[in-house]
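Read off the chains here:
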Amino acid sequence: MTLEDLRILVAACEVGSMSSLARELQRTQSSVSQHIARLEAELGIRLFERHARGIQPTAAGKVLKDFALEGLDAIEVGLQRVRALQHGESDTVTITTGGTTVRHFMRQAVVRFRKEHPKVNLRFLPANSTRRCFEILRLSQADLGFVTTGEPVRGINEKPIAKQRLFLLTTKSDPLSRRRKLRLQDLQGIRYLGLAGGTTHHSAIEQAALQRGVELKAEVAFDDFDTAKLFVELGLGQAIVPAVHAYNFERSGGSVQAVLIADLPPVSIGWAFRHWHHLSPAAREFVAIANQEIGKLHNVPGLELAAAIR
């Protein structure tokens with residue numbers, strides 16, 4: 001039994017498919033399967049049930065996975081700190097999130113953290129969806145993710161910090177911009193600009209609209225909300241954006257206006273990580289500072305902060 005055997009076991013439990021895991025790790029499926037076969041042979045018990053849709057851990061597989069995950073995460077943290085000591089390196093905190101999150105949520109936190117902890121390196125890994133952030137966390141390529149929360153994922157824990165209402169972003173010349181609030185039915189027939197498929201934001205809007213008999217089919221797709229603002233300014237259509245983005249877009253001036261969509265449910269946002277107690281002190285300190293700075297956004301219309309950071 002090796003550490004790599006246990007790493008493969010944990011990843012297989014979380015992914016649920018040997019072929020998908022092999023692609024994620026850029027290995028052959030047979031090489032991945034050999035790790036599981038070695039564990040099963042050594043323990044004398046089946047760790048997975050194979051079926052048409054993939055694999056599912058047995059009771060023994062779940063037990064081993066839970067204990068292996070705790071140990072592997074602790075070992076990884078320890079190795080990182082030993083390497084830092086060995087090479088005289090500073091601590092590094094790596095965060096994965098959407099491309100514009102730093103601008104809209106973390107700008108002041110980054111400035112403050114770097115001032116208070118000048119020897120700690122901050123790294124950001126952009127990801128275009130919450131799902132991709134989870135993949136990066138699962139592969140231990142980042143310490144923290146700042147994501148849309150609420151969708152349970154095996155092996156990932158979350159700390160929600162706020163809920164954001166959703167707003168229609170349109171030009172000031174659009175008749176809809178004169179309304180105090182809108183309903184989804186009011187959006188029937190607009191030239192909808194939508195986030196690229198596969199994002200939690202995209203799915204939430206699409207599902208809510210269909211439940212109310214409204215089809216929002218994106219004529220133009222964008223990768224981030226800053227690009228959405230540009231497209232709206234260029235007259236390409238209207239987009240749906242979260243509260244903080246809507247607030248910042250309006251404050252920046254220009255030709256855009258944001259109007260609350262009353263019957264769209266709010267979107268929850270927050271931190272994602274493997275295990276809180278395995279995070280470095282520097283990572284936990286960054287979360288604390290970021291939460292304090294985000295707490296200063298209490299005056300943003302449509303943003304409801306969690307009690308812990310108000």
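The shown structure was predicted, so the numbers you read here are calculated from the model rather than taken from an experiment. (Residues numbered from 1 in each chain as written. Predicted model: local features only at pLDDT ≥ 70, side-chain atom pairs only at ≥ 80, totals over all residues. Heavy atoms only, no water.)

## Remarks on the overall build of the protein
For the record, the criterion: By definition, any uninterrupted DSSP run of H or I lasting at least four residues is a helix, any uninterrupted run of E lasting at least two residues is a strand, and each is numbered from the N terminus. Here the term buried applies to any residue with accessible area under 20% of the maximum for its type, exposed to any over 50%, and partly exposed to those in between, with areas from a 1.4 Å probe on protein chains only. Contact definition: two residues touch when any of their heavy atoms are within 4.5 Å. Residue-level accessible areas treat just the shown protein chains as cover; the underlying method is Shrake-Rupley with a 1.4 Å probe. Within this scheme the basic residues Lys and Arg register as positive and the acidic residues Asp and Glu register as negative, but His and the chain ends are omitted. Charged side chains are reduced to one point each, which is NZ for Lys, CZ for Arg, CG for Asp and CD for Glu.
Summing up its helical and strand segments, the protein has 10 helices and 14 strands in all. Across its three principal directions, the C-alpha atoms of the protein cover 70 × 50 × 30 Å. For the protein, the residues scored as buried account for 46% of the 310 residues in total. Expressed as a percentage of contacts within the protein between residues at least 6 apart in sequence, the contacts between residues at least 24 apart total 75%. Taken as a whole, the protein presents about 15,700 Å² of accessible surface, with 50% of it coming from carbon and sulfur. Looking at the protein, you have 40 positive and 32 negative side-chain charges, and the mean spots of the two groups are 4 Å apart.

## Points about helix α7 (residues 200-211)
The cut-off we apply is this: Given the number of residues in a helix, its expected span is that number minus one, multiplied by 1.5 Å. It is the directions from the helix axis to the C-beta atoms that the arc portrays.
Look at α7: 17 Å from first C-alpha to last across 12 residues, which is about the 16 Å you get at 1.5 Å a residue. Looking at α7, one finds that the buried residues are His201, His202, Ile205, Ala208 and Ala209. For α7, the angular spread of buried residues about the axis comes to 145°, placing them on one side. For α7, the exposed residues lying more than 90 degrees away from the buried face are Leu210 and Gln211. Lining the buried residues of α7 we find β7 (166-171), β9 (192-195), α8 (225-233) and β11 (238-242). Note on α7: the residue one or two positions beyond its end, Gly213, has a positive phi of about 75°.

## Focus on the pairing of strand β6 (residues 157-164)
Applicable threshold: DSSP calls a pair of strands paired once it identifies at least 2 bridges connecting them.
Summarising the sheet, β6 and strand β13 (residues 267-273) pair through seven bridges and their orientation is antiparallel. The residue bridging Lys159 from the neighbouring strand is Trp271, located in β13. As judged from the three bridges shared by β6 and strand β14 (residues 303-305), these two strands associate in the antiparallel manner. When the bridges of β14 are listed, Gln164 appears paired with Leu303.

## Quick look at the sheet that holds β7
If you walk across this open sheet you meet the six strands as β8-β12-β7-β11-β9-β10, and the pairing is mixed. Of all the strands in the sheet, just β8 (181-182) and β10 (220-222) have a single pairing partner and so form its edges. Note: β9 against β10, three bridges, orientation parallel. Following the sheet pairing, Leu193 is matched in β10 by Val220.

## Some words on the environment of Gly235
Within the element layout of this structure, Gly235 appears in the loop between α8 and β11. Residues Gly235 and Met18, spaced 217 residues apart in sequence, show a C-alpha to C-alpha distance of 46 Å.

## Points about helix α2 (residues 18-25)
Those residues of α2 not exposed but buried are Met18, Leu21 and Ala22. For α2, the angular spread of the buried residues around the axis is 100°, confining them to a single face. Taken from the residues just after α2, Gln26 is the one with a positive phi, measuring 60°.

## Concerning a nonpolar patch on the surface
Note the cut-off: Note that patches include only residues with greater than 30% relative accessible area and no salt bridge, and the join distances are 9 Å for like charges and 5 Å for nonpolar side chains (Val, Leu, Ile, Met, Phe, Trp, Tyr). Salt bridges are defined as contacts in which a side-chain nitrogen from Lys or Arg sits within 4 Å of a carboxyl oxygen from Asp or Glu.
On the surface, Met1, Leu43 and Ile45 cluster together into a nonpolar patch covering about 260 Å² of accessible area. Along the polypeptide, Leu43 turns up in helix α3 (residues 29-43).

## Regarding the packing of aromatic side chains
Aromatic rings considered in pairs are described by the distance between their centres and by the relative angle of their planes. Convention followed: Any pair of Phe, Tyr and Trp rings, taking the six-membered ring for Trp, is counted once the centres come within 6.5 Å. Such a pair is stacked with planes under 30 degrees apart, edge-to-face with planes over 60 apart, and tilted for the rest. Whether a charge sits over a ring depends on NZ of Lys or CZ of Arg being within 6 Å of the ring centre and within 35 degrees of the ring normal.
Throughout the structure, instances matching the rule amount to six aromatic pairs. A ring pair is formed by Phe113 and Phe286, whose centres lie 5.4 Å apart and whose planes are at 80°; its orientation type is edge-to-face. Pair noted here: Phe113 is in helix α5 (residues 101-116) and Phe286 is in helix α10 (residues 281-295), with a separation of 173 residues, a long-range link. Arranged with centres 6.2 Å apart and planes meeting at 85°, the rings of Trp271 and Phe286 form a pair that is edge-to-face. On the criterion of sequence distance, the pair formed by Trp271 in strand β13 and Phe286 in helix α10 is long-range, its members being 15 residues apart. Trp271 sits in the buried class, given a relative accessible area of 0%. Looking at Phe286, the relative accessible area reads 0%, which means it is buried. The lysine or arginine in question, Lys159, covers the ring of Trp276, its NZ or CZ lying 4.8 Å from the ring centre.

## A look at the confidence of the model for the protein
The cut-off we apply is this: Residue-level confidence of the predictor is summarised by pLDDT, bounded by 0 at the bottom and 100 at the top.
Counting all residues, the mean pLDDT for the protein is 88, and 96% of those residues have values of 70 or more. Looking across the protein, the model is least confident in helix α4 (residues 59-87), with a mean pLDDT of 75, and most confident in β7, with 97.

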